[in-house]
Amino acid sequence: MNDRPLLELRDVRAAYEQITVLHGVDLGVAAGKVVALLGPNGAGKTTTLRVAAGIHPPASGRLLLGGRDVTGAAPHDLARKGVCLIPEGRGVFPNLSVRDNLLMMTFTGRGREEVEETAFARFPALAERAGQTAGTLSGGEQQMLALARGLATDPAVLLLDELSMGLAPLIVSRLYEQVTEIARQGVAVLLVEQFAAAVLDIADHAAVLVRGRIERQGAPGELRTELSALYLGSSA
Ligand code: ATP
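My aim in this report is to walk through the structure given alongside it, one point at a time. Predicted model only: the values in this text are computed from it and were never measured. (Residues numbered from 1 in each chain as written. Predicted model: local features only at pLDDT ≥ 70, side-chain atom pairs only at ≥ 80, totals over all residues. Heavy atoms only, no water.)

**Considering the site of the ligand**
Then comes step 1: Around the ligand, a shell composed of 13 residues is seen, among which N41, G42, K45, T46 and T47 lie nearest.
Then comes step 2: Residue N41 places a side-chain N or O atom 2.5 Å away from an oxygen atom belonging to the ligand.
Then comes step 3: In isolation the ligand has 630 Å² of accessible area, and contact with the protein removes 58% of it.
Then comes step 4: Top element by residues in the shell around the ligand is helix 1 (residues 45-52). It accounts for three residues.
Then comes step 5: Among the residues forming the shell around the ligand, the class breakdown is four nonpolar, six polar and three charged. (Near = heavy atom within 4 Å. Polar contact = N/O pair within 3.5 Å; in protein donor to acceptor, adjacent residues only side chain to side chain. Areas by Shrake-Rupley, 256 points an atom, 1.4 Å probe, with all protein chains shown as cover. Helix = DSSP H or I, 4+ residues; strand = E, 2+ residues; numbered from the N terminus. Nonpolar A, V, L, I, M, F, W, Y, C, P; charged D, E, K, R; others polar.)

Listed below in structure tokens is the structure:
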């Protein structure tokens, strides 16, 4: 990538107990860009995001944020520095209302009105459902809520794990429009997906992770055919 990365993994190895699952991953994402990390089941995509968020310290290699070495920093330190992970499964509180899910984010120091207004302006569908419990929302609306909660922390880096999981293509493309908009506002976005088709349309850069190794990275257009043939089925 030409742009200097805001977040960077350098030669990262990661293991669970004795089993190494990342074997020297190099990956960076610059402010204002969307990087797609693709790969089949069990490739190590989630682990890569967990390393990036400080949840899983690497066995070796380095994590850099804004050019500074933050390897081994605690998740809350990285969160305070602007790294926000939206995990697979979205992480909203199903028994709380949409409003209360949002208002929990006032711990960031933002006012209730600001948090609500910002979220509802970006996702009008959430405004209509403000009093509804999050567990009763559709999958797409829950993902919007998860994004809105993440954005309330004013992140510099947004790590998104399988945003599209279980959602219809139309809903996914709407969410991706939001992701593009978030990046346009200066956020560095690292987006993990198992299936490539739509994410390649919005990514500035793409990387393919297979069995813990980046097999290939480059412009999304260059990877499309290869991805389709090698890992992700003809739908890519
Ligand atoms: P998926 O698309 O299935 O979520 P992934 O590419 O995100 O896959 P990871 O979840 O990072 O892959 O898993 C990489 C490897 O590490 C897999 O072999 C998985 O079984 C293993 N693994 C993941 N989490 C743990 C854990 N907590 N303890 C032990 N092994 C784990």
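Moving on, there is more to tell.
**Focus: helix 4 (residues 112-122)**
Each full turn of the α-helix corresponds to 3.6 residues, which orients residues three or four apart in the same direction.
Then comes step 1: Among the residues making up helix 4, those that are buried are V115, E116, A119, F120 and R122. In a view along the axis of helix 4, the buried residues occupy a sector of 165°, so they form one face of it. Of the exposed residues in helix 4, the ones pointing more than 90 degrees away from its buried face are E113, E117 and A121.
Then comes step 2: Buried residues belonging to helix 4 abut helix 3 (98-103), helix 5 (124-128), helix 6 (139-151) and helix 7 (169-184). (Buried < 20%, exposed > 50% of the residue type's maximum accessible area, 1.4 Å probe, protein only. Arc of directions from axis to C-beta. Contact = heavy atoms within 4.5 Å.)

**Examining the sheet that holds strand 7 (residues 157-161)**
Strand pairs in the sheet, formed through backbone hydrogen bonds, run parallel or antiparallel to each other.
Then comes step 1: What the six strands build is an open sheet, ordered 6-7-8-3-9-10; its pairing is mixed. Both edges of this open sheet fall to strand 6 (83-86) and strand 10 (213-218), since each of them pairs with a single strand only. When strand polarity is set aside, the average angle formed by the axes of neighbouring strands in this sheet is 15°.
Then comes step 2: Here four bridges tie strand 6 to strand 7, and the two strands are oriented parallel to one another. Bridging from a neighbouring strand, C84 pairs with L158 of strand 7.
Then comes step 3: Running at roughly 165° to strand 6, helix 6 makes contact with strand 6 and strand 7 of the sheet.
Then comes step 4: Those strands touched by helix 7 are strand 3 (34-38), strand 7 and strand 8 (188-193), and its axis lies near 150° from that of strand 8. (Pairing = 2+ DSSP bridges. Axes fitted to C-alpha atoms, helices over the stretch in contact; angles between N-to-C directions.)

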